[in-house]
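# Observations on the model geometry
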Amino acid sequence: MLDINKIRKDFPILNRTVNGKPLVYFDNAATSQTPQQVIDVIVDYYSNYNANIHRGVHTLSQEATDKYEDARHIIQQHFNAEKAHEIIFTSGTTHSINLVANGFASLIKKGDELIVSALEHHSNIVPWQMLCEKTGATLKVIPMTLEGELDMEAYANLLSNKTKLVFVNHISNALGTINPIKTIIDQAHKFGAAVLIDGAQACPHIKPDVQALNVDFYVTSAHKICGPTGVGMLYGKEEWLTKMQPYQGGGEMIDQVTFEKTTYAGLPHKFEAGTPNICGGIAFGAALNYMNAIGFDKIAGYEHELLEYGTKKLKEIEGLKIYGTSKNKTSVISFNLEGIHPYDVGTLLDKMGIAVRTGHHCAQPIMDFYKIPGTIRASFAFYNSKTEIDALVAGVKKAKMMLS
Ligand SMILES: *Cc1c(COP(=O)(O)O)cnc(C)c1O
């Protein structure tokens, strides 16, 4: 079992108060908090070996390069990628998806079909719409059910020899649904289509194995896994990364530059133009080490307990409706109070020191499906407690009384 009191001591921010009340942080699906072990790595970088990487002969540059490449190996091992150069550092999930969408521009033609799901974050919709505009390809949508699950029968019917790419999230950030990605990947491969999985919401809870999944691309952000903002990764199978055009041109990504012709560097540098977030990359590795030391099985088990407890307690409130009721979900509870705008509830909860997200959660199509303007979303991490859930439940009851 998790030693929750010990774990909470790792997160300095959990000691602060908000509006005179102890902070209850339930916005983990937007970004996670940072443990002291990761903060220390960031301070150490800027205090002791801040330098640009891959070019300097001097000691600091070599130390920074070694630590940065060590982080790439930590990420490779974490996701079980076959090769380190299949891990591309990016600024996050959004950047990773744009990189693939642009890299595919020369591989997609008019009449090709791309498949997205109704459960996606805007960052896994818009870059593909841009790709379709550029190429004349068509975007097809896997519909969702009332429970917030993907309609897998409809998916099977959408697939054809015209399908070139399928992109779905591993876990929905708005509802918490865990999608059957292994089935999605296997079925797409029967038609020769490549699959990109948006793992931004899954990686805080699950340790994905990209080889076992046989996925073509897997993307995530460090800031939802106890790491800093502005850094993330793209895993891509070597054969795809080799075929894809580089996304951005600049330093670091070249082999030879002349005004007549430039040749590109090999993987992973071909996709890493410019000075990257060096400190962020190193801290990303430290964050994965921190979470692995606790153990993803333990994390998932404890979070499931929090989900069941929170769901049971919130359901007892009259007029409260939960959106996303799949049996396969992570510790995200999206809900509304009958006749009350989610924003008003969120504002009152903040007055009580409770941080939740309100709105469409960058997933407007899901809100349109339920015909609601948004939800109140409480998302739990492994450092949250049942006592905090009790505070949320009391807060929601109070907000309901004040607003109705
Ligand atoms: C957070 C999130 C994103 C976007 O991540 P960024 O770090 O903002 O690029 C994309 N998809 C899902 C499912 C998310 O939860």
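Residues numbered from 1 in each chain as written. Predicted model: local features only at pLDDT ≥ 70, side-chain atom pairs only at ≥ 80, totals over all residues. Heavy atoms only, no water.

### Regarding the overall build of the chain
Each helix and strand in the chain was counted, giving 14 helices and 17 strands. Taken over the C-alpha trace, the chain has a radius of gyration of 22 Å; the compact-globule value for 404 residues is 22 Å, and the two agree within 12%. By its C-alpha atoms, the chain is 70 × 55 × 35 Å across when sized along the principal axes. A burial count over the chain gives 54% of its 404 residues as buried. Within the chain, counting contacts between residues at least 6 apart in sequence, those at least 24 apart form 72% of the total. Of the roughly 17,200 Å² of accessible surface on the chain, a fraction of 52% belongs to carbon and sulfur atoms. Measuring between centres, the 38 positive side-chain charges of the chain sit 5 Å from its 41 negative side-chain charges. (Helix = DSSP H or I, 4+ residues; strand = E, 2+ residues; numbered from the N terminus. Rg over C-alpha atoms; globule rule 2.2 N^0.38 Å. Buried < 20%, exposed > 50% of the residue type's maximum accessible area, 1.4 Å probe, protein only. Contact = heavy atoms within 4.5 Å. Areas by Shrake-Rupley, 256 points an atom, 1.4 Å probe, with all protein chains shown as cover. Lys, Arg positive; Asp, Glu negative; His and termini not counted. Charge placed at Lys NZ, Arg CZ, Asp CG, Glu CD.)

### With respect to the side chain of Q76
Turning to its location among the elements, Q76 is positioned in helix α3 (residues 59-79). What Q76 contacts, discounting residues up to four positions off in sequence, is A81, E82, K83, A84 and I87.

### Brief notes about the packing of helix α2 (residues 36-49) against helix α10 (residues 278-294)
A pair of packed helices can be characterised by two numbers: the angle between their axes and the separation between those axes. Running from amino to carboxyl end, α2 crosses α10 at an angle of 150°, the nearest separation of the two axes being 9 Å. One way to sum up the angle between α2 and α10 is to call them roughly antiparallel. Considering how the two elements wind past one another, α2 and α10 form a crossing that is right-handed. Residues Q37, V38, V41, I42, Y45, Y46 and Y49 of α2 pack against I278, C279, I282, A283, A286, A287 and Y290 of α10. Class assignment for the residues of the contact of α2 with α10 results in 13 nonpolar, 1 polar and no charged. (Axes fitted to C-alpha atoms, helices over the stretch in contact; angles between N-to-C directions. Parallel < 35°, antiparallel > 145°, perpendicular 65-115°, else oblique. Left-handed = near helix turned anticlockwise from the far one by under 90°. Nonpolar A, V, L, I, M, F, W, Y, C, P; charged D, E, K, R; others polar.)

### Things to note about the site of the ligand
Residues in close proximity to the ligand include T93, T94, H121, S123, N173, D198, A200, Q201, S221, H223 and K224, which together make up its full environment. Measuring from a nitrogen atom of the ligand, one finds a side-chain N or O atom of D198 at 2.5 Å. Here Q201 contributes a side-chain N or O atom positioned 2.6 Å from an oxygen atom of the ligand. Contact with the protein chains removes 86% of the 390 Å² of surface that the ligand exposes when unbound. Its residues assigned to classes, the shell around the ligand shows 1 nonpolar, 8 polar and 2 charged. (Near = heavy atom within 4 Å. Polar contact = N/O pair within 3.5 Å; in protein donor to acceptor, adjacent residues only side chain to side chain.)

### Looking at the pairing of strand β11 (residues 254-257)
For a regular strand, side chains alternate in direction, first toward one face of the sheet and then toward the other. Strand direction decides the pairing type here: β11 and strand β12 (residues 262-264), joined by 3 bridges, are antiparallel. When the sheet's bridge partners are listed, V257 is paired in β12 with T262. What sits between β11 and β12 in their antiparallel hairpin is a turn of 4 residues. (Pairing = 2+ DSSP bridges.)

### What to know about the sheet that holds strand β13 (residues 320-323)
Reading across the sheet, the 4 strands line up as β13-β14-β17-β16 and stay open at both edges, with antiparallel pairing between neighbours. The open sheet has two edge strands with one neighbour each: β13 and β16 (357-359). For this sheet, the mean inter-axis angle between neighbouring strands, taken without regard to orientation, is 30°. As paired strands, β16 and strand β17 (residues 375-379) are joined by 3 bridges and run antiparallel to one another. Looking at the pairing, T358 lines up with I376 of β17. On top of the sheet, helix α11 (residues 296-315) reaches β13 and β14 (332-337); it is set at about 10° to β14, its chief contact.

### A look at the pattern of salt bridges
Overall, the coordinates contain 12 salt bridges when judged by the stated rule. One salt bridge in this structure joins D27 and R377, with 3.5 Å as the shortest N-O distance. Placement of D27 in the loop between β3 (24-25) and α2 and of R377 in strand β17 is noted, with a sequence separation of 350 residues between them. The pair formed by D27 and R377 is uniform in burial state, with each residue classed as buried. One salt-bridge network, held together by shared partners, links E69, R72 and E272. (Salt bridge = Lys/Arg side-chain N within 4 Å of Asp/Glu carboxyl O.)

### Side note on unusual backbone geometry
A cis geometry characterises the amide bond from L267 onward to P268, with omega recorded as 0°. In this fold, P268 is placed in the loop between β12 and α10. Look at K371: it is not a glycine, yet its phi comes out positive at around 55°.

### Describing the domain arrangement of the chain
One can read the domain layout of the chain as domain 1 (4-30 + 295-403) and domain 2 (39-293). Averaged C-alpha coordinates put domain 1 and domain 2 at centres separated by 28 Å. On the side of domain 2, 35 residues touch domain 1, which itself brings 35 residues to the contact. Taking both sides of the interface into account, the surface hidden between domain 1 and domain 2 amounts to around 2,700 Å²; carbon and sulfur atoms contribute 60%. By the criterion of area lost to domain 2, the three top residues of domain 1 are F296, T330 and I366, representing 25% of everything that side buries. Run the count over domain 1 and domain 2 and you get 0 salt bridges. Summed over the shared surface of domain 1 and domain 2, the number is 18 residue pairs in polar contact (both at pLDDT 80 or more). Among the secondary structure elements, those contributing two or more residues to the side of domain 1 that touches domain 2 are α11, β14 and α13 (364-370). (Domains from an automatic or database assignment. Buried area = accessible area lost by both parts, 1.4 Å probe.)

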